[in-house]
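Letter by letter, the chains look like this.
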Amino acid sequence: MNPRDLEKLYFGEFRVEEESSSGDQLMVISSTLSSKAELDALAANLAERRKIKHDHLVDLKRVERDEKRSWCSTNYMMKAFYEYFPNNLKKEFLLRRKKRASFSSLEILRLAFDGVDVLSFLQENDIKHGEVNPNIIFLFRDRFDDINRLKICERFTGHNDKQMNYIHAISSNMDLYLEPQIFEALSKNARKVPVTSPYK
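Now for a description of the structure that goes with this document. (Residues numbered from 1 in each chain as written. Predicted model: local features only at pLDDT ≥ 70, side-chain atom pairs only at ≥ 80, totals over all residues. Heavy atoms only, no water.)

### A few points about the pairing of strand β2 (residues 25-33)
Stage number 1. As defined by bridge partners, strand β1 (residues 14-18) adjoins β2 across five bridges and the pair is classed as antiparallel. From the neighbouring strand, Glu-17 faces β2, where its bridge partner is Leu-26.
Stage number 2. Hairpin connection between β1 and β2: a loop of six residues separates the two successive antiparallel strands, and Gly-23 in this loop has a positive phi of roughly 80 degrees.
Stage number 3. The pairing of β2 with strand β4 (residues 74-83) spans eight bridges and is classified as antiparallel. Within the sheet, the bridge partner assigned to Thr-32 lies in β4 and is Met-77. (Pairing = 2+ DSSP bridges. Helix = DSSP H or I, 4+ residues; strand = E, 2+ residues; numbered from the N terminus.)

Written out as structure tokens, the structure reads:
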């Protein structure tokens, strides 16, 4: 596993915890692994991920690992503690659609600048994200202005294997997003299966 590929750092469901020292809310993502080798590989990837800092990238605050032995097996657990933001772009779209409200041109411009800024940073540092979609684009307002800013994070599923992530996404109720180029290629090659896209 290449520790610079954020797409490899997928986790399962998360919960929100309050940090006792600061009172900040953190997003806690747990992963149960089947071997010490998997635990060590994930720990190495997360150690690299902690070094990646940017104003518009969700910060990985700390990592905890645990091994629990029972009479018949050993369970390996990894917990990652990220900054928490309760709002994401998907929720904001749905809320505004319900209220029949739109984004102002200044809001769109700010989100576009923030998005280009963080994606340029990832590209310049040869860091592959894997899947940028509205579910992992978190929105927040800083203390200086009343306009949404964004931070992106990894997508959370239960698997470190990219193929397993796609199988999980297709077999669940998760929203699926395709890059326009991939959608076009699939549309041209699809003979029996109709393909739809949120981009059309």
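### Observations regarding the pairing of strand β3 (residues 60-69)
Stage number 1. Looking at chain direction, β3 and β4 are connected through nine bridges and run antiparallel. Directly across from Glu-67, in β4, lies its bridge partner Tyr-76.
Stage number 2. Between β3 and β4, which pair antiparallel and follow one another directly, the connecting turn spans four residues.

### Let's talk about the nonpolar core
Soluble, globular proteins show a tendency: their nonpolar side chains are buried together.
Stage number 1. Core analysis: the largest hydrophobic core is formed by 16 residues, its most contacted members being Met-78 and Tyr-82.
Stage number 2. Every element with two or more residues in this core is listed here: β2, α1 (36-51) and β4. (Core = buried A, V, L, I, M, F, W, Y, C linked by side-chain atoms within 4.5 Å. Buried < 20%, exposed > 50% of the residue type's maximum accessible area, 1.4 Å probe, protein only.)

### A few points about the sheet that holds strand β5 (residues 87-88)
Stage number 1. Pairing in this open sheet of three strands is antiparallel, and the strands run β5-β6-β7 from one edge to the other. Only two strands of the sheet have a single neighbouring strand rather than two, namely β5 and β7 (148-152).
Stage number 2. Both strand β6 (residues 137-141) and β7 contribute to a ladder of five bridges, which runs antiparallel. By the bridge assignment for β7, Phe-138 is matched with Lys-151.
Stage number 3. Sheet strands in contact with helix α3 (residues 105-124) are β6 and β7, and its direction is about 25 degrees off that of β7. (Contact = heavy atoms within 4.5 Å. Axes fitted to C-alpha atoms, helices over the stretch in contact; angles between N-to-C directions.)

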